[in-house]
Amino acid sequence: MVNNLDKVKQKFIEKLGSVNNEEELENLKVEFLGKSGEVTNLLKAIKDIPNDQKKEYGALVNTLKNEIDAELNKYKTLLEEKKLEEELKNTKVVDLTIPLNECTGSLHPITVTQHKLIEIFTSMGFIVEDGNEVETEYNNFEAVNIPKHHPARDMQDTFYLSNGQLLKTHTSAAQNRIMKKYGAPLKVIFPGRCFRNEQLDASHENTFFQCEGMMIDKDISISNLIYFMKQMLSSVFGKELNVRLRPGFFPFVEPGFELDCSCPYCGGKGCNVCKQGGWIELCPCGMIHPEVLKMGGIDINKYQGFAFGLGLSRLTMMNFNIKDIRLLNGGNLKVLSQTKVK
Ligand code: DAH
């Protein structure tokens, strides 16, 4: 009988050596530890063992079972690590040390991402609007519930022009004009260039891109927002991603949220892209504040809406694996040649 234990162990070790993926590993587990698996059969055979040897035999089978279980788990982790390594190896990184070898023209990665967003949102019935780059203080701030002296203005270090106008600090500056132009119901996205007096570093630029969206209709809730965001993410990244909402404050939404998505690179397990957290902060959003709707001429007794402010520069960096935001406006042709969409 004890001989049988050795045979089963030997057989398991041989079979484990030729396992290539998680499915095969699962099958091996069933073959040995399943209901009529090899080890389970050894346990069942205890009835044929003489009484005085039963205890010792039982202990030996249990040890074997634990050993096999531990080996299976170890191998599972190994397979997962291998898979992640492969995935990361296949993600191309924009690297300026590689010589420029192609000089044919191509679209800027921001434009590529913007086109993709436009394609996705128009397919879901959204229209596309443009915003001004030079804006009035009213549109940029007052009309989105940020009156003079409101502390929220401090977060957007603004370039004011000598005529009292300013360079728009966010695409939200177009909300008021668009609501007045179309009224409700309304489904719109408006991508655009924004400006802030930022200290430049790998993740801060004075000139960056956002893509804002609004949906105003009867019976609109946060579930609508989550639905559209999930659709957008699965089209951009070519796979289904999970999203989560955390509370966030913006004067023009109530309630306001930060929307995170599960890391598209590691599937949420944790990698250097998501700083091991498994989630990536993607887009602030919320239900449009009634005051903002009112200023846009919308009847708040009939309509509600959601709004979101996607970081277009950020999404582009994620999509093309660009580690430094300054590369986007740097004018280096190597960036274009390496992000060329074939
Ligand atoms: N305009 C905000 C900013 O740039 C981003 C934003 C937050 C836009 C929440 C929204 C929103 O539409 O609902 O800081």
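Residues numbered from 1 in each chain as written. Predicted model: local features only at pLDDT ≥ 70, side-chain atom pairs only at ≥ 80, totals over all residues. Heavy atoms only, no water.

K.L.:
Teacher, can you tell me more about the site of the ligand here?
P.N.:
Not every one of the 16 residues close to the ligand is listed here, only the nearest: His-170, Ser-172, Arg-196, Gln-210 and Glu-212. At 2.8 Å, a side-chain N or O of Ser-172 approaches a nitrogen atom of the ligand. In the model, an oxygen atom of the ligand is placed 2.9 Å from a nitrogen or oxygen of the Arg-196 side chain. Its free accessible area being 350 Å², the ligand has 94% of it covered by the protein chains. Elements with a minimum of two residues in the shell around the ligand: β5 (207-217), β8 (279-288) and β9 (304-311). Class assignment of the residues belonging to the shell around the ligand gives a composition of seven nonpolar, seven polar and two charged. (Near = heavy atom within 4 Å. Polar contact = N/O pair within 3.5 Å; in protein donor to acceptor, adjacent residues only side chain to side chain. Areas by Shrake-Rupley, 256 points an atom, 1.4 Å probe, with all protein chains shown as cover. Helix = DSSP H or I, 4+ residues; strand = E, 2+ residues; numbered from the N terminus. Nonpolar A, V, L, I, M, F, W, Y, C, P; charged D, E, K, R; others polar.)

K.L.:
Looking at this structure, I do not really get the domain arrangement of the protein chain. What am I missing?
P.N.:
By a widely used convention, the size of an interface equals the accessible area lost when the partners come together. According to the domain assignment, the protein chain contains domain 1 (2-89) and domain 2 (109-339). One C-alpha centre belongs to domain 1, the other to domain 2, and the line joining them spans 52 Å. (Domains from an automatic or database assignment.)

K.L.:
Mind showing me how you'd approach the packing of aromatic side chains here?
P.N.:
Where two aromatic rings form a pair, the distance of their centres and the angle of their planes describe that pair. By the definition in use, this model includes eight aromatic pairs. Note on Phe-121 and Phe-308: the rings are 5.5 Å apart at their centroids and 25° apart in plane angle, and the pair reads as stacked. Pair noted here: Phe-121 is in helix α5 (residues 109-123) and Phe-308 is in strand β9, with a separation of 187 residues, a long-range link. Judged by relative accessible area, which is 0%, Phe-121 ranks as buried. Centroid distance Tyr-227 to Phe-228: 5.3 Å. Interplanar angle 75°. Geometry classified as edge-to-face. A relative accessible area of 47% means that Tyr-227 is categorised as partly exposed. The buried category is assigned to Phe-228, whose relative accessible area is 8%. Ring pairing ties together the aromatic residues Phe-121, Phe-126, Tyr-227, Phe-228, Phe-306 and Phe-308, which thus form one cluster. (Phe/Tyr/Trp six-rings, centres within 6.5 Å; stacked < 30°, edge-to-face > 60°. Buried < 20%, exposed > 50% of the residue type's maximum accessible area, 1.4 Å probe, protein only.)

K.L.:
Just to check I follow, could you spell out the pairing of strand β4 (residues 186-195) for this structure?
P.N.:
Remember that side chains alternate between the two faces of the sheet whenever the strand is regular. In terms of burial, β4 is a largely internal element, eight of the ten residues being buried. As defined by bridge partners, strand β1 (residues 127-128) adjoins β4 across two bridges and the pair is classed as parallel. In the sheet register, Val-128 faces β4, and the bridge partner there is Ile-189. (Pairing = 2+ DSSP bridges.)

K.L.:
For this particular structure, what's the right way to read the environment of Lys-302?
P.N.:
Looking at the secondary structure, you find Lys-302 in the loop between α9 (290-295) and β9. Taking the relative accessible area as the measure of exposure, Lys-302 reaches 46% and is therefore partly exposed. Not counting residues within four places of it along the chain, the set of residues in contact with Lys-302 comprises Asp-217 and Lys-218. (Contact = heavy atoms within 4.5 Å.)

K.L.:
What is the right way to read the sheet that holds strand β7 (residues 253-262) from this model?
P.N.:
Paired through backbone hydrogen bonds, the strands of a sheet run either parallel or antiparallel to each other. Spatially, seven strands are ordered β1-β4-β5-β9-β8-β7-β6 in an open sheet, and the strand pairing comes out mixed. Strands with a single pairing partner mark the edges of an open sheet, and in this sheet they are β1 and β6 (243-247). Packing of α5 onto the sheet brings it into contact with β1, β4, β5 and β9, and relative to β4 it is tilted by some 170°. Against the sheet, helix α8 (residues 222-237) contacts β4, β5, β6, β7, β8 and β9, and its axis sits at roughly 35° relative to β9. (Axes fitted to C-alpha atoms, helices over the stretch in contact; angles between N-to-C directions.)

K.L.:
Can you help me understand the nonpolar core in this one?
P.N.:
Across soluble globular proteins, you tend to see nonpolar side chains buried next to one another. In terms of nonpolar packing, the biggest core is built from 49 residues, with Leu-117, Phe-121, Met-232, Leu-282, Phe-308 and Leu-310 touching the most fellow members. Of all the secondary structure elements, the ones that give two or more residues to this core are α5, β5, α8, β7, β8, β9, α10 (312-320) and α11 (326-329). With eight residues, α8 is the largest single contributor of residues to this core. Not counting chain neighbours up to four residues away, the residues in contact with Phe-308 comprise Phe-121, Ile-189, Cys-211, Glu-212, Gly-213, Leu-225, Met-229, Cys-283, Pro-284 and Cys-285. Core analysis: the second largest hydrophobic core is formed by 22 residues, Phe-141, Phe-252, Val-253 and Ala-307 among them. (Core = buried A, V, L, I, M, F, W, Y, C linked by side-chain atoms within 4.5 Å.)

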